[in-house]
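Survey of secondary and tertiary structure
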Amino acid sequence: MTKIEKVMIYAEKKLVTEVTAHDFSHSVRVMKLAEYIGGKSKLKVDIEILKVAGLTHDIIDKKVTNNVDATVDELIDTLSEIGYSQEDVAHVLNIIKNMSYSTGRTPNTLEGKIVQDADRLEAIGAVAIARTFAYGGSKNRRLYEEGDDMSSIAHFYDKLLLLKDGLNTEAAKVIAKSRHEFMENYLKQFLKEWHLEDLEG
Ligand code: NI
């Protein structure tokens, strides 16, 4: 079994109870998106770091674990046991601690910038729409209500529509373009139907 396969088994186990926005399939897509963006880079990129960070980035998120410090320690031990060097483990941790939108930070390595873009692409587009409503539902939030800035639709204006302008890499910007347009069209249609403005006559 490769080291990445071992990380996948660990990540799946940690995320198995997640069925909304941060489920295991999200982590696998972030891994694959990061690998794709890394492959487009003209600079040298450590693909293994991209994959490990992509797979594990949500495990230590406070939306997923109720004990962040203990989960960070466990992740460090697990990656070390799997056979990653101290330097690699530190690099992965540096990425996943600094990539979340809520921190307002950008990781300081190219690998970190790529994984951050991969995760942000998951918040732009059709899958992002599904993730937003599923997460909102799990938090008992409204779909939409005029003036309710906690509704799922409000989240598009607060965060999702802003993401494309904060991407780090050209490859991610290319992918984001059509995803962003799809979201804008979706919102137009949503509001039209919400207000029954699509009725004839
Ligand atoms: Ni994520």
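Heads up: the structure comes first, above all this text.
First, a word on what this report is: a plain description of the structure on this page.

At this site the nickel ion is bound by His26 (NE2), His57 (NE2), Asp58 (OD) and Asp119 (OD), with donor distances of 2.1 to 2.6 Å. Seen from the nickel ion, its four donor atoms lie at angles of 81 to 164°, and the figure they make is irregular.

With that out of the way, let us pick up helix α5 (residues 86-98). Look at α5: 18 Å from first C-alpha to last across 13 residues, which is about the 18 Å you get at 1.5 Å a residue. Contacts made by the buried residues of α5 are with α3 (47-56), α4 (68-82) and α6 (110-121).

Let's shift gears to the nonpolar core. Counting residues in each nonpolar core, the largest one holds 53 residues, and the members touching the most others are Leu55, Leu79, Tyr84, Ile96, Val115, Leu121 and Phe156. Not counting the four nearest positions on each side in its chain, Leu121 is found in contact with Leu33, Ile37, Leu167, Ala172, Ile175, Ala176 and Arg179.

On the secondary structure map, Lys14 appears in helix α1 (residues 3-15). Note on Lys14: relative accessible area 28%, which makes it partly exposed. Here the alpha-carbon distance between Lys14 and Thr65, two residues 51 residues apart in the chain, equals 9.0 Å. Apart from residues no more than four positions distant in its own chain, Lys14 is found in contact with Ile59 and Glu74.

Attention shifts here to a negative patch on the surface. A surface patch of negative charge is lined by Asp69, Asp73, Asp77 and Glu81. Tracing the backbone shows Asp69 in helix α4.

Moving on, we get to the side chain of Glu111. Looking at the secondary structure, you find Glu111 in helix α6. Buried charge without a partner: Glu111 forms no salt bridge, and the closest opposite charge is Lys44, 7.0 Å away. When neighbours within four sequence positions are excluded, Glu111 is seen to be in contact with Lys44, Val45, Asp46, Ile49, Leu50, His91 and Ile95.

Right, let's get into the environment of Ile175. Topologically, Ile175 is positioned in helix α9 (residues 170-194). Between the alpha carbons of Ile175 and Lys188 there is a distance of 21 Å; along the sequence they are 13 residues apart.

What follows deals with the pattern of salt bridges. In total, this model carries eight salt bridges according to the counting rule given. Among the salt bridges present, the one from Lys63 reaches Asp61, with a minimum N-O distance of 3.6 Å. What makes Lys63 partly exposed here is its relative accessible area of 39%. Judged by its relative accessible area of 13%, Asp61 is buried. In this structure, Glu170 engages Lys173 in a salt bridge whose closest nitrogen and oxygen atoms are separated by 3.3 Å. Here the residue Glu170 and the residue Lys173 both occupy positions in helix α9, the gap between them amounting to three residues, near one helical turn.

What counts, and where the lines are drawn
- Here, residues in each chain are numbered from 1, in the same order as that chain's written sequence.
- Only residues with pLDDT of at least 70 are given local features in this predicted model, and only at 80 or more are side-chain atom pairs given and counted; all residues enter the totals for whole chains, interfaces and linings.
- Hydrogens and water molecules were not included; the side-chain quantities draw on all heavy atoms of the structure.
- Note on donors: an N, O or S atom is included if it sits within 2.8 Å of the metal, or within 3.2 Å for Na, K and Ca, and water is never included, so sites can look incomplete.
- Donor angles set the geometry label: tetrahedral for four donors if every angle is between 85 and 135 degrees, square planar for four and octahedral for six if opposite donors exceed 155 degrees and the others are between 65 and 115, irregular for anything else.
- A helix here means a DSSP run of H or I that spans at least four residues, while a strand means a run of E at least two residues long, and both kinds are numbered starting from the N terminus.
- Working rule for helices: expected span equals 1.5 Å times residues minus one.
- Working rule for contacts: check all heavy atoms of both residues, and any pair within 4.5 Å makes them a contact.
- Among buried residues, those of type Ala, Val, Leu, Ile, Met, Phe, Trp, Tyr and Cys that are joined through side-chain atoms within 4.5 Å constitute a nonpolar core.
- Burial classification: accessible surface area is computed with a 1.4 Å probe over protein chains only, and a residue below 20% of its type maximum counts as buried, one above 50% as exposed, and the rest as partly exposed.
- Patch construction takes residues with relative accessible area above 30% that form no salt bridge. Like charges are linked within 9 Å, and nonpolar side chains (Val, Leu, Ile, Met, Phe, Trp, Tyr) are linked within 5 Å.
- To be clear on the numbers: accessible area is Shrake-Rupley with a 1.4 Å probe, and residue cover counts the displayed protein chains and nothing else.
- Take a side-chain nitrogen of Lys or Arg and a carboxyl oxygen of Asp or Glu: if they are within 4 Å of each other, that pair is a salt bridge.
- Working convention for charge: Lys and Arg count positive, Asp and Glu count negative, and His plus the chain ends are omitted.
- By convention, the charge on Lys lies at NZ, on Arg at CZ, on Asp at CG and on Glu at CD.

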